[in-house]
Amino acid sequence: MAQEASTWSVLALLRSNPDELKMHVKKRLMDPSIVDEALRLDVEWRRLQTEINELRHRHNVITRTIAKTRDPAERAKLIDEARRLLKILEEKERILKSVEEERERALMRLPNLVDDDVPVGDETASRPIEYWGRPRVWRGHLDSFLAETEGKGFKVDYEVIDWKPVGHADMLEFKLKLGDTLKASEVAGSRFYYLFDDIVWLDFALLLYAIDYLTRKGYTLVLPPYMLRGKIIKGVIDVETFKDAIYKVEGEDLYLIATSEHPLAALYAGDELYDDELPIKLVGVSPCFRKEAGAGNRDLKGIFRVHQFHKVEQFIFSTPEDSRKLHEELISNAKELFMGLGIPFRIVNIASGDLGASAVKKYDLEAWMPAQGRFREMVSASNCTDWQAYRLKIRLIRRKGMKRGYVHTLNSTAIASTRTITAILENFQEPDGTVVIPKVLRKYLEIFPKAPHDAIHPRGKKITKT
């Protein structure tokens, strides 16, 4: 165990340079004392391991000597010594087990390292690095838009409009009359929804679009479990941080998935992967369930921040030397998907204090929302290096030399359906309330006679009473 654990990058740094590890923890705005505690327990654990190995060696030597000894008195003396060593061994192993459990909990609290090019600070330090598209900017939002783009050194082409777009929530429920969050809140609670007809077709079209795109690029399509055991959840996220974000099944050791990233990461839990098998590229499609307990009153209206939604997720198992390159591939895939939709966006290099424990670096793709006059998160793409693999015990074996290590894992949203729908409702609405369907989605709708083909039009009345 010690030999394998030493290949985990965080543990290796804990042992070789704990002060540098503290620097990484501080970058995340976390208390560096967690490093001291982990180091103390790791030193104690290794000291006990050494003592136990020495005691076992001495016991084995005495046992072999007993077999060769003919003198009864000397033999009895050796037997007594062997018994004494066994009692000491039993006590040391009991102590080791207790220390090992404490040590493991301390190691699990350690976050991943932070890449050198990640901005340091809280979420306000996150840095836009790229803009794409020609946003429609309502004249009332123009000053703030220019401050956000030109004021930060970016030259972004845009179109000024004199009519103010309707927000996605009002567009969905009162203009199009194709959603009902009021009735959903009565029967299920806040942040749930009913969607109807054209919006449901649009949801499925977005999923098919992302699946089609990624499978054509060689990603293997996966329909994963929608629930996971506790030990798996603890392997893919920092449970203490996210305990208010995930749903647990009462009375069972099962959690509803917040993203298909988690069951995809678990696909090879406890397995060994050879370097020439990698990368393994997967695309998962699933519902996602999130408490959003820390969201407060943010985005209470509409379907932007909800407890359930559909998502297509990219996931890669990689060798350590390829993970940086593949991280760029994941965000590039997401960019191409949103370029295809025609939704203006920016790419943001997320600051160290907002990374989450598992990622060394994260990009967000934020879509322009004309009614709100701001960019909003649609995609997160993370390089988790060996943080998840160590916890899930997914080992890497090199064909040459058969050296063991841990694989790297990477993940990225492709399309989260309800969020992307909000961006479509705001970016492609016309003054009369019609929403033009992005051309790239139409081929997925035209095969169904009842689906909308080129536009979604306002309804004269709601489908259900509220």
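Our subject in this report is the structure included herewith. None of these values were measured; they are calculated from a predicted model. (Residues numbered from 1 in each chain as written. Predicted model: local features only at pLDDT ≥ 70, side-chain atom pairs only at ≥ 80, totals over all residues. Heavy atoms only, no water.)

The helix and strand inventory of the protein stands at 16 helices and 19 strands. When the backbone C-alpha atoms are referred to their principal axes, the protein occupies close to 105 × 45 × 40 Å. Looking at the protein alone, contacts between residues at least 24 apart form 72% of all its contacts between residues at least 6 apart. Accessible surface computed for the protein: about 22000 Å², of which carbon and sulfur atoms make up 51%. Charged side chains of the protein number 74 positive and 71 negative; the gap between the two group centres comes to 2 Å. (Helix = DSSP H or I, 4+ residues; strand = E, 2+ residues; numbered from the N terminus. Contact = heavy atoms within 4.5 Å. Areas by Shrake-Rupley, 256 points an atom, 1.4 Å probe, with all protein chains shown as cover. Lys, Arg positive; Asp, Glu negative; His and termini not counted. Charge placed at Lys NZ, Arg CZ, Asp CG, Glu CD.)

Turning next to the packing of aromatic side chains. Applying the stated rule across the entire model yields 13 aromatic pairs. With a centroid separation of 5.5 Å and 75° between ring planes, the pair formed by Tyr131 and Phe375 is classed as edge-to-face. With Tyr131 in strand β1 (residues 127-132) and Phe375 in strand β14 (residues 374-383), this residue pair connects regions lying 244 residues apart in the sequence. One aromatic cluster in this structure is built from Tyr131, Phe145, Phe154, Tyr158, Trp368 and Phe375. The residue whose ring lies beneath Arg376 is Phe304, and the NZ or CZ to ring-centre distance is 4.3 Å. One Lys or Arg, Arg399, reaches over the ring of Tyr274 and ends 3.7 Å from the middle of that ring. (Phe/Tyr/Trp six-rings, centres within 6.5 Å; stacked < 30°, edge-to-face > 60°. Lys NZ or Arg CZ within 6 Å of the ring centre and 35° of its normal.)

Glancing now at the side chain of Asp42. By the element assignment, Asp42 lies in helix α4 (residues 33-68). The class for Asp42 is buried, based on a relative accessible area of 0%. (Buried < 20%, exposed > 50% of the residue type's maximum accessible area, 1.4 Å probe, protein only.)

Another aspect to go through is the layout of surface pockets. The computed volume of the second largest pocket comes to approximately 560 Å³. Lining the second largest pocket are 19 residues, with Met108, Lys231, Lys234, Gly235 and Arg391 sitting closest to its centre. Those elements that place two or more of their residues in the lining of the second largest pocket are α5 (72-108), α10 (230-236), α11 (239-242) and α14 (387-392). Class assignment for the residues of the lining of the second largest pocket results in six nonpolar, two polar and 11 charged. (1 Å grid on protein atoms, 1.4 Å probe; cavity = no way out; pocket = protein on both sides within 12 Å on 5 of 7 lines; lining within 4 Å. Points joined across faces, edges and corners; volume = space filled by probe spheres on them. Nonpolar A, V, L, I, M, F, W, Y, C, P; charged D, E, K, R; others polar.)

The buried count for strand β17 (residues 408-416) comes to nine of nine residues, which makes it a mostly enclosed element. With eight bridges joining them, strand β11 (residues 308-318) and β17 adopt antiparallel strand pairing. Bridge pairing links Lys311 to Ala416 in β17. One ladder, built from three bridges, connects β14 with β17; its direction is antiparallel. (Pairing = 2+ DSSP bridges.)

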